[in-house]
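A closer look at the structure
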Amino acid sequence: MRLLLLAPPGAGKGTQGQRLAAGFRVRHIAAGDLLRAEAGAGGPLGREIAAHQARGDLVPDQIVLDVLTPAVVAAAAQGGYILDGFPRTLPQATAAAELAARLGVTLQAAVYLHAPGKVLTRRLLDRASQDGRADDKADVIRHRLEVFAETTGPLVPYYTERGILITVDADQPPESVTADIQAGLAALSLPGSHGHGSAG
Ligand code: ADP
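Attention in this report is confined to the structure presented alongside it. Computed from a prediction, not measured in an experiment: that's the story for all the values here.

Another point: the site of the ligand. Around the ligand, the structure places 18 residues, and the nearest of them are K13, Q53, D57, G85 and R144. Between the ligand and R133, the relevant distance is 3.1 Å, taken from an oxygen atom to a side-chain nitrogen or oxygen of the residue. Contact with the protein chains hides 97% of the accessible area of the ligand, taken as 540 Å² for the molecule alone. Here the ligand occupies the largest pocket. If one sorts the elements of the shell around the ligand by residue count, helix α2 (residues 31-40) sits on top with four residues. For the shell around the ligand, the residue count by class is six nonpolar, four polar and eight charged.

Set out below in structure tokens:
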């Protein structure tokens, strides 16, 4: 299975990514986590990543590609991946598609998790009180939602045109979201979407 989760902050792509990866027995590649790890390692690159993340701005495409590509290539060779938060811009999507074509492992599905802005903001503010992430603050949350609409939103028509977009209502309990994703995958009738169908 090679699947991408496309979702605004707070839609639950981390949770769904873990559930789907466990169900399909593939790697869960979370762009935000890999970038935070790189930021935590310090150095000039780490400091640049941390500064973008703290402001709620996207990390520049070339840095994202440098950090994510090795993980994607390794997972592709080991049966697939659930990509969580990458690609997140059109240039990233184009670069990822070129890489995948070169490796002979193109993306099979892009799952768009959507929920009303109010729901997303409430979830992120709730999370802020628990995990203390530098970007879970009211003004930064508002900015991240704007960045998603402007910069990541165009990936919805991009993957629709390629015939692999599944749209799922994320304003439901996590297990219902997972069930809707599985139903969407079954409707796409992907090779391999049946055998390990018990994600979660
Ligand atoms: P959320 O979706 O809630 O913003 P993530 O952990 O996915 O949480 O991302 C956190 C931050 O990491 C983003 O605001 C951005 O700064 C950076 N980031 C994650 N993925 C990407 C990406 N594909 N391209 C650029 N920046 C990214």
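Right, picking up where we left off after that structure.
Following the criterion strictly, the structure yields eight salt bridges and no others. Here D84 makes a salt bridge to K13, at a shortest N to O gap of 3.6 Å. One end of the pair, D84, is in strand β3 (residues 81-84); the other, K13, is in helix α1 (residues 13-24), and 71 residues separate them in sequence. Taking relative accessible area as the criterion, D84 reaches 5% and is therefore assigned buried. For K13, a relative accessible area of 15% corresponds to the buried category.

Rules of the game
- Residues numbered from 1 in each chain as written.
- Predicted model: local features only at pLDDT ≥ 70, side-chain atom pairs only at ≥ 80, totals over all residues.
- Heavy atoms only, no water.
- Near = heavy atom within 4 Å.
- Polar contact = N/O pair within 3.5 Å; in protein donor to acceptor, adjacent residues only side chain to side chain.
- Areas by Shrake-Rupley, 256 points an atom, 1.4 Å probe, with all protein chains shown as cover.
- 1 Å grid on protein atoms, 1.4 Å probe; cavity = no way out; pocket = protein on both sides within 12 Å on 5 of 7 lines; lining within 4 Å.
- Sits in = over half its atoms within 2 Å of the grid points.
- Helix = DSSP H or I, 4+ residues; strand = E, 2+ residues; numbered from the N terminus.
- Nonpolar A, V, L, I, M, F, W, Y, C, P; charged D, E, K, R; others polar.
- Salt bridge = Lys/Arg side-chain N within 4 Å of Asp/Glu carboxyl O.
- Buried < 20%, exposed > 50% of the residue type's maximum accessible area, 1.4 Å probe, protein only.

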